[in-house]
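# Residue-level structural notes
Below are the chains, spelled out letter by letter.
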Amino acid sequence: MKIGAPKETFQGENRVALTPDSAAQLQKLGYECVVQAGAGAAARISDADYEAAGVEVVKTAAALNKAADIIVRVRAPSHDEAKKIPKGKKLISFLNPGGDTELLEVLKDRQIDAIAMEMVPRISRAQKMDALSSMANIAGYRAVIEAGNQFGRFFTGQITAAGKVPPAKVLVIGAGVAGLAAIGTATSLGAVVRAFDVRPEVAEQIESMGAEFLFLDFEEDGSGSGGYAAVSSPEFREKQLELFRAQAPEVDIVITTALIPNREAPKLWLADMVDAMKPGSVVVDLAAEKGGNCDYTEADKIVETANGVRIVGYTDFPSRMATQASNLYATNIRHMMTDLTPEKNGEPNWNMEDDVIRHSTVTHNGEITFPPPPPKVAAQAKPQPKKVEPTEEEKKAAALEAERQAGRNQVKMLVIGGLFMGLIGLTAPAAFMSHFIVFALSCFVGYQVIWNVSHSLHTPLMAVTNAISGIIIIGALLQVGSDSAIVTFLAVISVLIASINIVGGFMVTRRMLAMFQRS
């Protein structure tokens, strides 16, 4: 079967869904590849590059629709374009199934099996196909670059002969993939970065990247399903807006990333916050395509407010880095095709029992399959509740109880051992009993003497070996006064060797501990 990528018709779209590298990998799966002439030109991929990779180049979209069995795109086709796709073909693209139900009806009528790349579930196995994350990563990076283009100062602070330049203060709202990419980029450029997210578990990720996490004095878990944030309660939202109002006069750049697929973007950076910002400040709204997180945002425009704040509302951040975005998106498509072609025979197996394929498929066998059922595997594990630390009094009481229990256990063992020895003494000869008592006492005394040494002075393994050596020494000392010269000689040798073993053990442990001490 053939996989084909047409030239994108959406105005300003520079990406392409098939690259020479991804085509080479698809050919290994048994597919042939075809592209429309000029499909990769905006991403700096020439037709000659495709031909060198063994990709067939056709002149028109109609020719591509006829030649390709599986059509891969970046943007969803228009309704007219979808009606021109021959019946029974397959389509993989961003499709906006939650916002364009008419397109789903067209695809259903055309008997087209369609996969929406934005519907790939956010589970570990599907990360390689997660085109939303791939594009969000680029958008977050590009947002900082665009902010720097509109901002009138350095990101990093400088001290020069001409004066001191303070670092820019950047606030990132939302710490998903795009937010973390923006944080990393702004931090690497030298800015002072602050970030906020309704999901408390991302605080460590933010801080690990050198940014400050802004905490709210409000108990609410904002973690939602599918790896996205949940809708906040009105009380939480008021606290959130109060925090943003306090930040507005201080920060120079705000990057908003709050967006959940198939929903309108929540308003987070309100008009009064923009009005409170310093002249020359910049707001970059990554949710402009869905209405924006900022009150002043206008899609695909830069708006300058009366107080000199610029709001960047571009909706094509990934397309502004078309070469990189095309490579990543084409790789996501290729991984999707790998899952669809387990036999590597060039024939897709549309396994609707597979979580990833089922969740991503929006039309199949002439039926609309959107919305999908929830995936069997949780997209993201809920954070475990923190254990309550016991108080000092509780710790002392627990330690005292442990000591008492240990004492009771020792008494039980002594009683049992005494009874056992008494039973043996009723039948065993006197000579055996004397040696047996010495052995038992040396085991008990040696264990108590050596094992109770603090473990900060030796490792647990060394504690066991030293306890055994202690048993040997105690037993040997009791035999030193024997009437037999051979027994006395062996006892002395035993004491010497066991002592060397104990002393050597402590010396080795001391050297090991010294390795972890600061000089």
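Refer to the structure above for everything that follows.
Numbers given for residues are sequential positions, taken from 1 along each chain in its written order. The predicted nature of this model means local features are confined to residues of pLDDT at least 70 and side-chain atom pairs, given and counted, to a pLDDT of 80 or more, with totals for whole chains, interfaces and linings taken over all residues. Only hydrogens and water are removed before side-chain values are computed, so all heavy atoms of the structure are retained for them.

## Overview of the sheet that holds strand 1 (residues 2-5)
- Read across the sheet, eight strands follow the order 3-2-1-4-5-6-16-17 without closing on themselves; strand pairing throughout is mixed. A strand with exactly one partner marks an edge of an open sheet, and here the two such strands are strand 3 (56-58) and strand 17 (367-368).
- Where strand 2 (residues 32-36) meets strand 3, three bridges bridge the pair, whose relative direction is parallel. Within strand 3, the residue paired with glutamine 36 across the bridge is valine 58.
- Contacting strand 1, strand 4 (70-72), strand 5 (90-93) and strand 6 (113-116), helix 11 (residues 322-340) runs over the sheet at an angle of about 140° to strand 5. Only strands that DSSP links by at least two bridges are regarded as paired with each other. Secondary structure counts use DSSP, requiring at least four H or I residues in a row for a helix and at least two E residues in a row for a strand, with both numbered from the N terminus. Whether two residues are in contact is decided by their heavy atoms, any of which lying within 4.5 Å being enough. Between N-to-C directions, angles cover 0 to 180 degrees, with each direction set by a line fitted to C-alpha atoms, over the stretch in contact for helices.

## So, a nonpolar patch on the surface
- Excluding any residue in a salt bridge, patches collect residues exceeding 30% relative accessible area, merging like charges within 9 Å and nonpolar Val, Leu, Ile, Met, Phe, Trp and Tyr side chains within 5 Å. Only the protein chains shown count as cover for residues, and all accessible areas are computed by the Shrake-Rupley method using a 1.4 Å probe. Whenever Lys or Arg places a side-chain nitrogen within 4 Å of a carboxyl oxygen from Asp or Glu, that contact is recorded as a salt bridge. Taken together, Ile486, Phe489, Leu490, Ile493, Leu496, Ile497 and Ile500 make up a surface patch of nonpolar side chains, about 720 Å² in accessible area.
- By secondary structure assignment, the location of isoleucine 486 is in helix 16 (residues 485-514).

## Observations concerning the environment of histidine 79
- Mapped onto the secondary structure, histidine 79 falls in helix 4 (residues 79-83).
- The exposure class of histidine 79 is partly exposed, given its relative accessible area of 26%.
- The residues contacting histidine 79, other than those within four sequence positions of it, are Asp100, Glu102, Leu103 and Val106.
- Side chain to side chain, histidine 79 and aspartate 100 meet in a polar contact 3.1 Å long. Burial classification: accessible surface area is computed with a 1.4 Å probe over protein chains only, and a residue below 20% of its type maximum counts as buried, one above 50% as exposed, and the rest as partly exposed. Under the rule applied, a polar contact is a pair of N or O atoms within 3.5 Å (in protein, one hydrogen donor and one hydrogen acceptor; residues adjacent in sequence only if both atoms are side-chain atoms).

## Quick notes on the pairing of strand 16 (residues 361-364)
- For strand 6 and strand 16, the ladder comprises two bridges, and the chain directions are antiparallel. Considered in strand 16, the bridge of alanine 114 is made with threonine 363.
- With two bridges connecting them, strand 16 and strand 17 associate as antiparallel partners. Within strand 17, the residue paired with histidine 364 across the bridge is glutamate 367.
- Here strand 16 folds back onto strand 17 in antiparallel fashion, the turn holding two residues, of which asparagine 365 has a positive phi close to 55°.

## Describing the packing of aromatic side chains
- Aromatic contacts are taken between Phe, Tyr and Trp rings whose centres are within 6.5 Å, Trp giving its six-membered ring; a plane angle under 30 degrees counts as stacked, one over 60 as edge-to-face, and the others as tilted. Counted under the stated rule, the structure contains six aromatic pairs.
- The interplanar angle of 90° and the centroid separation of 5.4 Å between the aromatic rings of phenylalanine 196 and phenylalanine 244 together place this pair among those described as edge-to-face. Separated by 48 residues along the polypeptide, phenylalanine 196 in strand 10 (residues 192-196) and phenylalanine 244 in helix 9 (residues 234-247) bring together distant segments of the chain. Neither phenylalanine 196 nor phenylalanine 244 differs from the other in exposure class; each is buried.
- Ring geometry for phenylalanine 213 against phenylalanine 215: centres 4.6 Å apart, planes inclined by 80°, an arrangement best described as edge-to-face.

Remember, this is a structural readout, not a statement about activity or role.
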